[in-house]
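Residue-level listing of the chains:
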Amino acid sequence: MFAGFMGWRSVQGSAADRRIPGVLRDVHGVNESIWSSLFREDHLAKEFAREDASILRVNGRIGIDDEIDLNQWQIVVHGPDGEEWGTHTLADIKALPRHEMTIEHKCIEGWAQVTNWGGARFSDFLNLYADRIDGAITDVGMETPDSKYYVSMDMATMRHRQTLLAYDMIDQPLDDAHGAPLRLATPLKYGIKQLKRIGVIQFRREPGRDYWGDRGYDDYVGL
Ligand SMILES: Nc1nc2c(c(=O)[nH]1)N[C@H]1C(S)=C(S)[C@@H](COP(=O)(O)O)O[C@H]1N2
Ligand SMILES: [Mo]
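Please read these numbers as outputs of a predicted model, since none were measured by experiment. Counting of residues starts from 1 at the beginning of each chain's written sequence and follows it residue by residue. Naming scheme: in the order in which they are written, chains are lettered from A and ligands are numbered from 1. With pLDDT at 70 or above as the cut-off, local features in this predicted model cover only qualifying residues; side-chain atom pairs require 80 or more to be listed or tallied, and sums for whole chains, interfaces and linings still use all residues. Excluded from the side-chain calculation are hydrogens and water; included are all heavy atoms of the structure.

**Student:** I keep staring at the overall build of the protein chain and nothing clicks. Help me out?
**Tutor:** When helices and strands are counted, the protein chain shows 5 helices and 10 strands. Within the protein chain, buried positions represent 45% of all 223 residues. Here, residues are in contact when the closest pair of their heavy atoms is within 4.5 Å. For the protein chain, long-range pairs separated by at least 24 residues make up 71% of all intrachain contacts whose partners lie at least 6 apart in sequence. The protein chains shown are the only cover counted for residues, whose accessible areas, like all others here, come from Shrake-Rupley with a 1.4 Å probe. Carbon and sulfur atoms form 50% of the exposed surface of the protein chain, whose accessible area is close to 11100 Å². Numbering of helices and strands starts at the N terminus; helices are DSSP runs of H or I of at least 4 residues and strands are runs of E of at least 2. Note on exposure labels: buried denotes an accessible area under 20% of the residue type's maximum, exposed denotes more than 50%, and partly exposed covers the range between, all computed with a 1.4 Å probe on protein chains only.

**Student:** Looking at this model, I keep getting lost on the site of ligand 1. Mind explaining?
**Tutor:** Looking at ligand 1, there are 20 residues lining it, with R57, N59, I62, R183 and K196 nearest. Within 3.5 Å is the distance limit for a polar contact, defined as a pair of N or O atoms, with the added protein rule that one can donate a hydrogen and the other accept it, and that residues adjacent in sequence qualify only through two side-chain atoms. Contact distances for ligand 1 include 2.5 Å between an oxygen atom and a side-chain N or O atom of K196. Contact with the protein chains covers 98% of the free accessible surface of ligand 1, which is 530 Å². Ten residues, namely Ala, Val, Leu, Ile, Met, Phe, Trp, Tyr, Cys and Pro, are considered nonpolar, four, namely Asp, Glu, Lys and Arg, are considered charged, and the remaining ones, Gly among them, are considered polar. Across the shell around ligand 1, the residue classes break down as 9 nonpolar, 7 polar and 4 charged. Whether a residue is near a molecule or strand depends on its heavy atoms: it is near if one of them lies within 4 Å of it.

**Student:** I keep staring at the packing of aromatic side chains and nothing clicks. Help me out?
**Tutor:** When we look at a pair of aromatic rings, we describe it by the centre distance and by the angle of the planes. Pairing of aromatic rings covers Phe, Tyr and the six-membered ring of Trp, with a centre-to-centre limit of 6.5 Å; geometry is then stacked below 30 degrees between planes, edge-to-face above 60, and tilted otherwise. Evaluation of the coordinates by the stated rule reveals 10 aromatic pairs. Aromatic pair Y150 and Y211: ring centres 5.7 Å apart, planes at 70°, arrangement edge-to-face. One end of the pair, Y150, is in strand β6 (residues 150-154); the other, Y211, is in the segment after β10 (200-204), and 61 residues separate them in sequence. According to the relative accessible area criterion, Y150 is buried, its value standing at 9%.

**Student:** Quick question: what am I supposed to make of the nonpolar core here?
**Tutor:** One broad rule of soluble globular proteins: the nonpolar side chains tend to lie buried together. Among buried residues, those of type Ala, Val, Leu, Ile, Met, Phe, Trp, Tyr and Cys that are joined through side-chain atoms within 4.5 Å constitute a nonpolar core. Membership of the largest hydrophobic core comes to 32 residues, with the highest contact counts inside it found for F122, F125, M142, I201 and F203. Elements represented by at least two residues in this core include exactly β1 (75-78), α4 (122-127), β5 (139-143), β6, α5 (155-159), β7 (164-169) and β10. One finds L56, W117, L174 and A185 within the second-largest nonpolar core, a separate group that totals 12 residues.

Printed below as a string of structure tokens:
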């Protein structure tokens, strides 16, 4: 696998990259080429007309039952060795470009519903850590603030343009039951991976613990 990365590297490189110090520049170049080849435009999940969107039925309250003070809420970001990399308020996330998508939310229990999400692309959030995330980081762990619900997500899905840190559903701020103040939303995975009320994000070098994966579901649960 790494030999393949090296191969990509040899065809990378542009003048614009030159300001980034050598090692990091190489890693970023490699990542970009890998991810963009994995997810070409024709791999976008279907989007729907906005008027087809409705408020999702509430499903799954693990890790969101306790009252939290939304004014105190923040995301804590950890690196692969558990070290703290930073914290973010909702204002920080809202400072990133806002994107919307009207997609079909699929639950592994057998229902699907079209809804509309508004939020920041996870890829834009990743850029805040561009100087620390190298090709060895292949997994993103997310947890509720109380750690009762947790997921492991592959980096390719997280970098995809339809993977959002969502704070709105049909233009309304998320309510508690839907994961206020911030949740994951992506049409690329079943609902079980779309963690409501994100409290912790950890960048990892390998897949980590996953609530439903630990309980026998295929950890990939892609569509
Ligand atoms: N924190 C947390 N997030 C969660 C769950 C949960 O139990 N706890 N359930 C998941 C499942 S199975 C689904 S289908 C979606 C449902 O999102 P909704 O309640 O907004 O429809 O949330 C997902 N995220
Ligand atoms: Mo679900």
